[in-house]
Amino acid sequence: QILRADARRNALMAQLFNALDSDGDGRCSSKDLGVVFAARYEAWPMQFRKLCSHWKVKQREGVDAQTFAEMLEDRGELGLYVSEDELETMISSLRQPRVERRVSIQDRSRLIDALFFYLDSNQDGLLHEMELQVLAKALNVEISQDFGDGLDLDAFREMVNDGDQCLYCDDSSLPSLLARFSRKG
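Residues numbered from 1 in each chain as written. Predicted model: local features only at pLDDT ≥ 70, side-chain atom pairs only at ≥ 80, totals over all residues. Heavy atoms only, no water.

(A) Quick peek at empty space enclosed by the protein. For the structure on display, the rule yields 1 cavity of 30 Å³ or more. When its volume is computed, the largest cavity comes out at roughly 40 Å³. For the largest cavity, the full set of lining residues is Ser-30, Lys-31, Pro-45, Phe-117, Asp-120 and Gln-123. In the lining of the largest cavity, the residues fall into 2 nonpolar, 2 polar and 2 charged. (1 Å grid on protein atoms, 1.4 Å probe; cavity = no way out; pocket = protein on both sides within 12 Å on 5 of 7 lines; lining within 4 Å. Points joined across faces, edges and corners; volume = space filled by probe spheres on them. Nonpolar A, V, L, I, M, F, W, Y, C, P; charged D, E, K, R; others polar.)

(B) How the structure looks around the packing of helix α2 (residues 30–37) against helix α5 (residues 84–94). With their axes 10 Å apart at the nearest point, α2 and α5 run at an angle of 110° to one another. Judged by the inter-axis angle, α2 sits roughly perpendicular to α5. Along the contact surface, α2 presents Val-35, Val-36 and Phe-37, while α5 presents Met-90, Ser-93 and Leu-94. Residue composition of the contact of α2 with α5, grouped by class: 5 nonpolar, 1 polar and no charged. (Axes fitted to C-alpha atoms, helices over the stretch in contact; angles between N-to-C directions. Helix = DSSP H or I, 4+ residues; strand = E, 2+ residues; numbered from the N terminus. Parallel < 35°, antiparallel > 145°, perpendicular 65-115°, else oblique. Contact = heavy atoms within 4.5 Å.)

Structure (C-alpha cells):
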C-alpha cells in the first residue's frame, strides 16, 4: 500500500504516533493505541489482536510508525482509517486536559475508557484486583469487595460512574488520573 503524499496528513499521523508511544521506543502497544481507538472498538484488545495478525505485527512488540501510518490510511475492515479532522481531534485529546473545566459526557466516556486501558497492565480486557488496587491507591480508598474474575470495561464504567462505589471518579479527577497513569506508561 502506498501512503498518500500529503505532507500535512503525514505530519499529523507522525505526531499522533509519537503522542501515543508512551515509552518512546518507536512502537505502540495495545494500551497505547487503546487510548484513542477504544471508543471506536468496544472490544479493543480483541481488535488489536486482529490488527496485529492482519498486519503481521507481533503483539508484544507493538506497531511501528510505518505500519501505524499504513493502518491509518487503510479504509478496510482491518484498517484504522481516520480523517485529518479526526487526527487533529485525537492529538488535541491527548494534551493534558485542564482539570478545572467541566467534562462532557462524551469526553468522560473516553477518559474512562482510556483509564481502563492504562490500568489493564496485562492487556487481557479485564481489570483484576492488583490492577484495581493501583486506581484505589491513586484515589486514596480501600477496595473491600471481591471482583471475582475481574471487571470488564462495562463493569468498570459502571463502577467509576456510580457515586456510591469506592472507585467513583468525578469529572475533575478523571483527567488528572489519566495524566498520571499515561506518564507512567
